[in-house]
Amino acid sequence: MSIAAPTQTTVRNYVNGQWQPAASAEHREIINPATNEVLGQVPLSSAAEVDAAVRSAAAAFPEWRRTPAEDRIQYLFKLKNLLEENLEELARTITLENGKTVGEAKGELRRAIENVEVACGIPTMMQGRMLEDVARGIDETMIRQPLGVVAAITPFNFPLMIPFWFLPYAIACGNTFVLKPSERVPLSSVRMFEIMEALHLPPGIINLVNGGKEAVDALLDHPTVRAISFVGSTPVARYIYARGAQAGKRLQCQGGAKNHVIVLPDADMQQATNIISDSAFGCAGQRCLAVSVAITVGEAQKTFRDAIAENAASLRVGFGLDSGVQMGPVITKDSKTRIESLIAKGAGEGAKVLVDGRNPRVTKYESGNFVRPTVLDGVRQDSSLADTEIFGPVLSLVPANDIDEALAFLERSPYGNQASLFTSSGAAARKFRYEAPAGNIGINIGVAAPMAYFAFSGWKESFFGTVHAQGNDAIEFYTDKKIVIERWAREHSRKF
Ligand code: NAD
């Protein structure tokens, strides 16, 4: 099968049901991280272009809002089929610009499809509530209504799954939508929007604006945009939360992570090793739920350390479209430099580089941004590396005497996206579930990614807001509650 070629050299925006070349003269290169070849150019759209997209979404809203929910979801049933039919091509496009293996890209698309499926339940999920006789003859009703124009700003690491945490729910609830994808991976969204043209949605319901900070700021400040969903790094999440709030918007901002796994000596060590390896090194460690620190308790310090070192050293690294490749490159040359310097910093702080993935030679892809799986042993709990998000294939091993000491370490972490425990003890599992300070918990699970019908949680500096993405939280986010209290005179009704 041929590699999915980008359809345009310079990607365009999709506004009001039409493809439009961006007017901005400023562009960035879109790069294949496995080769550093240029795949195309992405425009950094201006505030005026964002305004055009928001206006088109605002114009489409009144009629879309009046379209029955049952009719709105018919588009989503079609969308699910389109995603299934184009899964192979979309996965290859993700691999080309993001670097993850094509198997991982297909896994990502499955999660995108799952969100479309759940949003098909809007006619049930969006229902309000009603109680008769809140006082004699008075009835009270809560109705959910769409907000209007909503937007999402998304990161590079899941080019299509993350937009689909938002798009299906937003439009199924009757809102109109503007997506600003990561400027590092725009091809996946562009191809997705090209595919979605076959839905024949009315113009303006879904819009795509490529760009960077100027486009983001224009969305944050635009008076017509009612709500913004953001996923990305913590400093940007914090910025968006503050600036958007100042403009009076509803916000949900998912930030960075530093995820811990505790390995108890009674865990099934072989199973734990395989699962934790996939979590730490899958997608080159560029998942927001990637395990980054393994806290090993008691005898697990030796047994797990030996097993994970052997596993890490054996993984096959390369271009994600080549068969048999288990791990791809990291996103940019800068990321590779940053990750390798953090490994050096860890060593400088006293950790032993048990498996060293720096500067590997990957045959045929010598200029790619490759870092092989790396294991750092004996990382001190008080070292700066223990708290820094590396976002690369690096697993730090931290020793602890017991589960309480391990949990105290988690407590000090600024992040709270995910925490996992490997054990065969129900009592230890319950204690962990009860006490672990993170929003997504795994018990003998390495990537505790909630299914689409549960909220994708996240605590501390991994999330700014109140309601999360996916499931019922998405309905909360994308609707306003209206309360109606009614009294009807009995005399009046007798006339009929
Ligand atoms: P990023 O913060 O650099 O970029 C995310 C988005 O913000 C992009 O669309 C980008 O154009 C925009 N942006 C970047 N800098 C900006 C600025 N100064 N002002 C306004 N907008 C700006 O994130 P990334 O590198 O693309 O993604 C990786 C990060 O995302 C990691 O920290 C990872 O943990 C996090 N992430 C979190 C979750 C989660 O669920 N919590 C999920 C995926 C990724």
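Caption draft 1: Summary view of the sheet that holds strand E22 (residues 479–487). If you walk across this open sheet you meet the three strands as E5-E6-E22, and the pairing is antiparallel. Of all strands in the sheet, those with a lone pairing partner are strand E5 (129–135) and E22, marking the two edges. Looking at each pair of strands side by side, their axes are set apart by 25° on average, direction ignored. Bridge analysis of strand E6 (residues 138–146) against E22 gives nine bridges, and the strand direction is antiparallel. When the bridges of E22 are listed, Asp139 appears paired with Glu486.

Caption draft 2: Geometry of the domain arrangement of the protein. Examined at the domain level, the protein breaks down into domain 1 (13–255 + 462–483) and domain 2 (259–443). Inter-centroid distance (C-alpha atoms) of domain 1 to domain 2 is 31 Å. Taken residue by residue, the interface counts 22 residues in domain 1 and 26 residues in domain 2. Between domain 1 and domain 2 the total buried area reaches about 2000 Å² when both faces are included, carbon and sulfur atoms providing 61% of it. Ranking the residues of domain 1 by area buried against domain 2 places Ala34, Glu104 and Ser462 at the top, with a combined share of 25%. Applying the counting criterion to the domain 1 and domain 2 interface returns zero salt bridges. For the side of domain 1 that touches domain 2, the secondary-structure elements that each account for two or more residues are helix H3 (87–98) and helix H4 (102–119). At five residues, the largest contribution of residues to the side of domain 1 that touches domain 2 is made by H3. The class makeup of the residues in the side of domain 1 that touches domain 2 is seven nonpolar, ten polar and five charged.

Caption draft 3: A look at the site of the ligand. The environment of the ligand is made up of 30 residues, and the closest members are Thr154, Lys180, Glu183, Ser233 and Glu389. One of the side-chain nitrogen or oxygen atoms of Glu183 is found 2.6 Å away from an oxygen atom of the ligand. Between the ligand and Gly232 there is a distance of 3.2 Å, counted from an oxygen atom to a backbone nitrogen or oxygen. For the ligand, whose free accessible area comes to 840 Å², the fraction covered by protein is 88%. Put simply, the parts of the chain that give the shell around the ligand at least two residues each are helix H8 (213–221), strand E10 (225–231) and helix H9 (234–246). Domain assignment of the residues forming the shell around the ligand places at least three in each of domain 1 (13–255 + 462–483) and domain 2 (259–443).

Caption draft 4: Region of the structure containing the environment of Ala284. As for its position among the elements, Ala284 is in the loop between helix H10 (269–281) and strand E13 (291–297). When the C-alpha atoms of Ala284 and Glu70 are compared, they prove to be 41 Å apart, with 214 residues separating the residues in sequence. When neighbours within four sequence positions are excluded, Ala284 is seen to be in contact with Met327, Gly328, Pro329, Val330, Gly392 and Pro393.

Caption draft 5: How the structure looks around the nonpolar core. Core analysis: the biggest nonpolar cluster contains 130 residues, and Leu79, Phe177, Ile262 and Leu395 have the highest contact counts within it. Sort the elements by how many residues they give to this core and H4 lands first, with eight residues. For this core, the domains that each give at least three residues are domain 1 (13–255 + 462–483) and domain 2 (259–443). Discounting residues that sit within four places of it in the chain, Ile262 has contacts with Ile295, Val297, Ala406, Leu407, Leu410, Ser420, Leu421, Phe422 and Phe432.

Each value, and the rule that gives it
Residues numbered from 1 in each chain as written. Predicted model: local features only at pLDDT ≥ 70, side-chain atom pairs only at ≥ 80, totals over all residues. Heavy atoms only, no water. Pairing = 2+ DSSP bridges. Helix = DSSP H or I, 4+ residues; strand = E, 2+ residues; numbered from the N terminus. Axes fitted to C-alpha atoms, helices over the stretch in contact; angles between N-to-C directions. Domains from an automatic or database assignment. Contact = heavy atoms within 4.5 Å. Buried area = accessible area lost by both parts, 1.4 Å probe. Salt bridge = Lys/Arg side-chain N within 4 Å of Asp/Glu carboxyl O. Nonpolar A, V, L, I, M, F, W, Y, C, P; charged D, E, K, R; others polar. Near = heavy atom within 4 Å. Polar contact = N/O pair within 3.5 Å; in protein donor to acceptor, adjacent residues only side chain to side chain. Areas by Shrake-Rupley, 256 points an atom, 1.4 Å probe, with all protein chains shown as cover. Core = buried A, V, L, I, M, F, W, Y, C linked by side-chain atoms within 4.5 Å. Buried < 20%, exposed > 50% of the residue type's maximum accessible area, 1.4 Å probe, protein only.

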